[in-house]
Each structure stands twice: as structure tokens, then as C-alpha cells.
Amino acid sequence: MKKIVTTLVIVTILAVNISAKNWIIDQKGKTFIPSALIVHVGDTITFKNSDPFAHNAYTDAEANEFDVGMQATGKETHMTINGKESFSIECAIHPNMLLEVTVQ
Amino acid sequence: MIVKLGLTTLLLSSILYATADMKKWLRPVEVPQPKDNKMTPARIELGKLLYFDKRLSADETISCATCHHPKRGWTDLEPVAKSVGVGRGPRNSPTVLNTGYQNRQFWDGRVRTLEQQALGPIEADVEMNMPLIVLIPKLNKIQGYKKLFKKAYPSSNGSITKEYLAKAIASFERTVVSTIAPFDKFAMGNKKAISEEATEGFELFQNKAHCMDCHDKFNFSDGSFHNIGLNDGELTGKELGRYLTKDRPAWYGVFKTPTLRDVTRSAPYFHDGSVKTLTEATSICASGGRYKNNVKNKSTYIVDRNLSNDEINKIVAFLKTLEGPDMELKIPTKFPQ
């Protein structure tokens, strides 16, 4: 019985890792594109910057706190969804830029 | 209930006739409203009474309107805000005009909504200095207010809480919107609505002077935060701006881009109220800031645009066309008892 449970746990962990997805968000025209995402714990988000100026994506959400710092044109940054808590990502320089992230 | 703002018909028709490149300068027909605090006449009227009621301050000498008065451009025409007693606050009183369209409130953007903003100055010791634990029981003893809260927010059952107080004041503040200024008529297609000098100023504003990089769209603000180089060296205290709310490097010494709507009415300028005239303010922004060097985290938009005095004057002539007539408002003189 113990073996079966252990196997199931391992299979589940592997399944989560295998199904983890990387989402691409572009920052263009002072907008996150797309502006909403539905993700799962373990997924990653890649932030591109196609604008001719810097951005600074961040969130203060407790379970997914994240701050890329100043991100220059053409650079990429990444974050991992660690907690099952939906949150908003904002640009520290351009607060009208909002990305709604729903964690399922 | 969706409250249509005044001049809706005029705005709708103007949007139809404005050319595509000018549409972004026209005010949206409706001000954004939170789902749990839709504007109603009862809420707006209640909020207005609270906004002008001096009993909301510790010594009953000042109200919200003292520092944000409709007859003074929704500000106070002082370098920094007045507080109860003889004190002064740390920053220039920002205008309430069009704050309903902003994504962040206060010079340092420390809160997002007007509901979150409304109670801050009431409690701040450098402003109205009235703790909510004192104010809420005080308001609950005023039967006139209890009736109005019950009418505006039936779920309150007449019991006044800080949440309902904030909602009512925010509802009124959302009605404080800019009126149709000469520039709006120009944007709608009437090219004679502003002078030739102002038209040239608008061209400079958008292009050579790069004012539009920060002062964009109908509210003439990008909603962003910038360090425009008013101070050099290491910053301390209030001059740290948004950095005071959290020490993100991008927030060092930055302050919110103010609206330019009715900017002729809201001198003195900048977060510290250190500049008396529009000409000087324009000159500082377009010449790379008051301090050109040794400014940490200065905005990349603030660079010397090599403008002549004549060009600065043309931009100022344009800025004057952003002043619209007073909004219709009956200031209350009697308050609930």
C-alpha cells in the first residue's frame, strides 16, 4: 500500500512539472499583452520588453511576490507561480499597465 | 444606476466628429466606478456634504474643501497644504479634478482608489488630524447624517462606518471632472477655438518639447511617476516620493504626473509647490530639470529640449486653453444636524 501511495505522489509531482507551462507576456505601448492570464502553480511567465524604454513589472501579492527591477528594451525576465493566489502585476514606472493573473 | 456626467451629449457628438488622432484628447463619457460603489444622486449629495463639513477635522476648522476648493482649482493655491492649527503638510495639495480617472492617488501613489484615498487626509496629523475612532462615533450622533447614509447606502441601515464614509466622499469626488475647455472645441474640429500661438504651442507640446511623453491623453497625464530633477544629491524625507512607500529603485524621488486640465488655476506647481508660474514650470521640465546633473533616477524624459523663450511662451499659451468654465456646483452652507 505504501509503495502505491509513494508511486502516486511521484507520478502526481511529475505530472505537475510536465504540465507546467511558460507564458509569454510582452510589454509594448505601455501595455501588458495579453493583459490577463489563467495559470497554475508551477507555471512560469516570461516578460519581454518591446518598448523603447524601461519597464519594471512587480507584484506585492504575498504568495507570489515578484519584482524584476528595471527591465531595459529587448531584455527578458521570468517569474514562477509559487502560490495559489490570484494577483495583479503592475509596472512600477507605468502604473496604468496592469496584468491580471488568475491562479487555478 | 449609471450616472451620466454633464455634457454627455456634447461629448458624444464631439467624439463622432473629432478626427482619429484627436480623439485621445477628449474626456471619456463616463468616469470609472467600482462595482461596489456605483454613483447615485444620494451618494453624491451625501459625499458633497461630508466634503465641505469642517466637523470632520479635529478642531472643526478645516474640511476637505479647505485644501481642495472648487474656487481655487480644487486645490488651495498654497505651496504646501494647511493642517489644523497653524501647521503645514509636507506637500502641495493636488487637485481633485479628474482624480476619478486616475489609477493611483496622492503624489506618491500610495493607494489606488478614491475610497482608499478619502480617509487618509482626515486622519493625517498634518492635515485634518481626526482619528476615525473619534470621528465615526461623532458622525453616528448626528441624526441628519444617519438618515442620509441610510438613504444612500441602505445596507448600512443608518450605521455609519469608515467604509461607508469613504464611499460617500469618493462618490462626490468622482463628479469633479473637467469641463469643455477651448482646447476641447479645437480637438472636436473647431480650429479657431484657440489662437494661432496656442496651436503652435500644441505642436511643440507634442513634438519638439516632448511634454506629451508624460502629459498624455485627455487628462494630460500618463498616470506614471517621474523624478523631474527638482533636487540633486541624496534625497531625504518627503522628497523620496514614491520610494517612501516601498524602496524600489524605480521609485526613488518620483512623483505622479499631475493633470494639466485647468492647470492655470492650480499654482503653485510641482509636488513641493516651489514654482509660482506656468512659464517657469514649463521651462524646468523642458530644459532637463532644475538640476541637470547629480540627480539619481531622473526620468529619461527630462532632457534639455533646447526651447527658446518664444517657444516656451507658445506652450504656455496652449496650456491656458485647457482651462474650462467652472463646473456646476452648489456649495453647501448648511449641514446635517
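### Quick notes on the nonpolar core
Residues and elements named next belong to chain B.
Phase 1: Of all hydrophobic cores here, the largest spans 41 residues; its most connected members are Leu50, Leu56, Ile122, Leu139, Tyr145, Phe149 and Leu165.
Phase 2: Broken down by secondary-structure element, the contributors of at least two residues to this core are helix H2 (41-52), helix H3 (64-67), helix H6 (132-140), helix H7 (143-152) and helix H8 (162-173).
Phase 3: Once you skip the residues sitting within four places of it in the chain, Leu50 turns out to touch Leu56, Leu139, Tyr145, Phe149, Leu165, Ala168 and Ile169.

### Description of the domain arrangement of chain B
A common way to state how big an interface is: give the accessible area lost once the parts meet.
All names here are of chain B.
Phase 1: When cut into domains, chain B gives domain 1 (31-173) and domain 2 (182-320).
Phase 2: Counting from both sides, the interface comprises 22 residues of domain 1 and, opposite them, 22 residues of domain 2.
Phase 3: Roughly 1800 Å² of surface becomes buried between domain 1 and domain 2 when both sides are summed, with 58% attributable to carbon and sulfur atoms.
Phase 4: Of all residues in domain 1, the largest losses of buried area upon contact with domain 2 belong to Arg91, Trp107 and Asp108, amounting jointly to 33% of the total for that side.
Phase 5: On inspection of domain 1 and its partner domain 2, the count reaches eight residue pairs in polar contact (both at pLDDT 80 or more).
Phase 6: A breakdown of the residues in the side of domain 1 that touches domain 2 according to their chemical character gives eight nonpolar, eight polar and six charged.

### Points about the interface of chain B and chain A
Phase 1: At the interface, 14 residues of chain B touch 16 residues of chain A.
Phase 2: Summing the contributions of chain B and of chain A, the shared interface buries around 1200 Å²; its carbon and sulfur component is 38%.
Phase 3: It is Asn103, Arg248 and Ala250 of chain B that lose the most area in chain B upon contact with chain A, and together they represent 34% of the buried surface on that side.
Phase 4: On the surface where chain B and chain A come into contact, there are seven salt bridges.
Phase 5: A salt bridge links Glu65 of chain A to Lys246 of chain B, with the nearest nitrogen and oxygen atoms 3.1 Å apart.
Phase 6: For the pair chain B and chain A, the number of links is 11 residue pairs in polar contact (both at pLDDT 80 or more).
Phase 7: Of the residues that constitute the side of chain B that touches chain A, the class distribution is four nonpolar, three polar and seven charged.

### Description of the confidence of the model for chain B
Residue and element names in this part refer to chain B.
Phase 1: On average, residues of chain B score 92 in pLDDT, and 94% of them reach the 70 mark or higher.
Phase 2: Across residues 1-9, where pLDDT falls below 50, the model places 19 contacts with residues more than four positions away in sequence or in other chains.
Phase 3: Per the prediction output, this complex has pTM 0.87; the corresponding ipTM is 0.72.

### A short note on the packing of aromatic side chains
Phase 1: Tallied over the full model, the rule gives 25 aromatic pairs over all chains.
Phase 2: With 4.7 Å between their ring centres and 70° between their planes, Tyr101 of chain B and Phe218 of chain B make a pair best called edge-to-face. Within this pair, whereas Tyr101 of chain B is found in the loop between H3 and helix H4 (114-118), its partner Phe218 of chain B is found in the loop between helix H10 (196-206) and strand E1 (225-226), the two being separated by 117 residues in sequence.
Phase 3: With a relative accessible area of 8%, Phe218 of chain B lands in the buried category.
Phase 4: Measuring from ring centre to ring centre gives 5.8 Å for Phe205 of chain B and Phe220 of chain B, while their planes differ by 65°; the resulting arrangement is edge-to-face. Taken together, the residues span a long stretch of sequence, with Phe205 of chain B in helix H10 and Phe220 of chain B in the loop between H10 and E1 at a distance of 15 residues.
Phase 5: A relative accessible area of 1% means that Phe205 of chain B is categorised as buried.
Phase 6: Through pairs of rings, three or more aromatic residues link up here, namely Trp25, Phe183, Phe186, Phe202, Phe205, Phe220 and Phe318 of chain B.
Phase 7: Sitting over the ring of Trp23 of chain A, Lys21 of chain A keeps its end group 4.2 Å from the ring centre.
Phase 8: The cationic tip of Lys191 of chain B hangs over the ring face of Phe186 of chain B; the distance from NZ or CZ to the ring centre is 4.3 Å.

### So, the pattern of salt bridges
Phase 1: Applying the stated rule across the entire model yields 25 salt bridges over all chains.
Phase 2: Of the charged contacts in the structure, one is a salt bridge between Glu90 of chain A and Arg242 of chain B, with a shortest N-O distance of 3.5 Å. Of this pair, Glu90 of chain A sits in strand E8 (residues 87-91) while Arg242 of chain B sits in the loop between E1 and strand E2 (255-256), placing the two residues on different chains. Assigned by exposure class, Glu90 of chain A and Arg242 of chain B land together as buried.
Phase 3: A salt bridge links Lys208 of chain B to Glu311 of chain B, with the shortest nitrogen-to-oxygen separation between them at 3.1 Å. A residue pair is termed long-range when its members are at least 10 positions apart, and Lys208 of chain B in the loop between H10 and E1 and Glu311 of chain B in helix H12 (residues 309-320) qualify at 103 residues.

Thresholds, definitions, all that
- Residues numbered from 1 in each chain as written.
- Chains lettered and ligands numbered in written order.
- Predicted model: local features only at pLDDT ≥ 70, side-chain atom pairs only at ≥ 80, totals over all residues.
- Heavy atoms only, no water.
- Core = buried A, V, L, I, M, F, W, Y, C linked by side-chain atoms within 4.5 Å.
- Buried < 20%, exposed > 50% of the residue type's maximum accessible area, 1.4 Å probe, protein only.
- Helix = DSSP H or I, 4+ residues; strand = E, 2+ residues; numbered from the N terminus.
- Contact = heavy atoms within 4.5 Å.
- Domains from an automatic or database assignment.
- Buried area = accessible area lost by both parts, 1.4 Å probe.
- Polar contact = N/O pair within 3.5 Å; in protein donor to acceptor, adjacent residues only side chain to side chain.
- Nonpolar A, V, L, I, M, F, W, Y, C, P; charged D, E, K, R; others polar.
- Salt bridge = Lys/Arg side-chain N within 4 Å of Asp/Glu carboxyl O.
- pLDDT = per-residue confidence, 0-100.
- Phe/Tyr/Trp six-rings, centres within 6.5 Å; stacked < 30°, edge-to-face > 60°.
- Lys NZ or Arg CZ within 6 Å of the ring centre and 35° of its normal.

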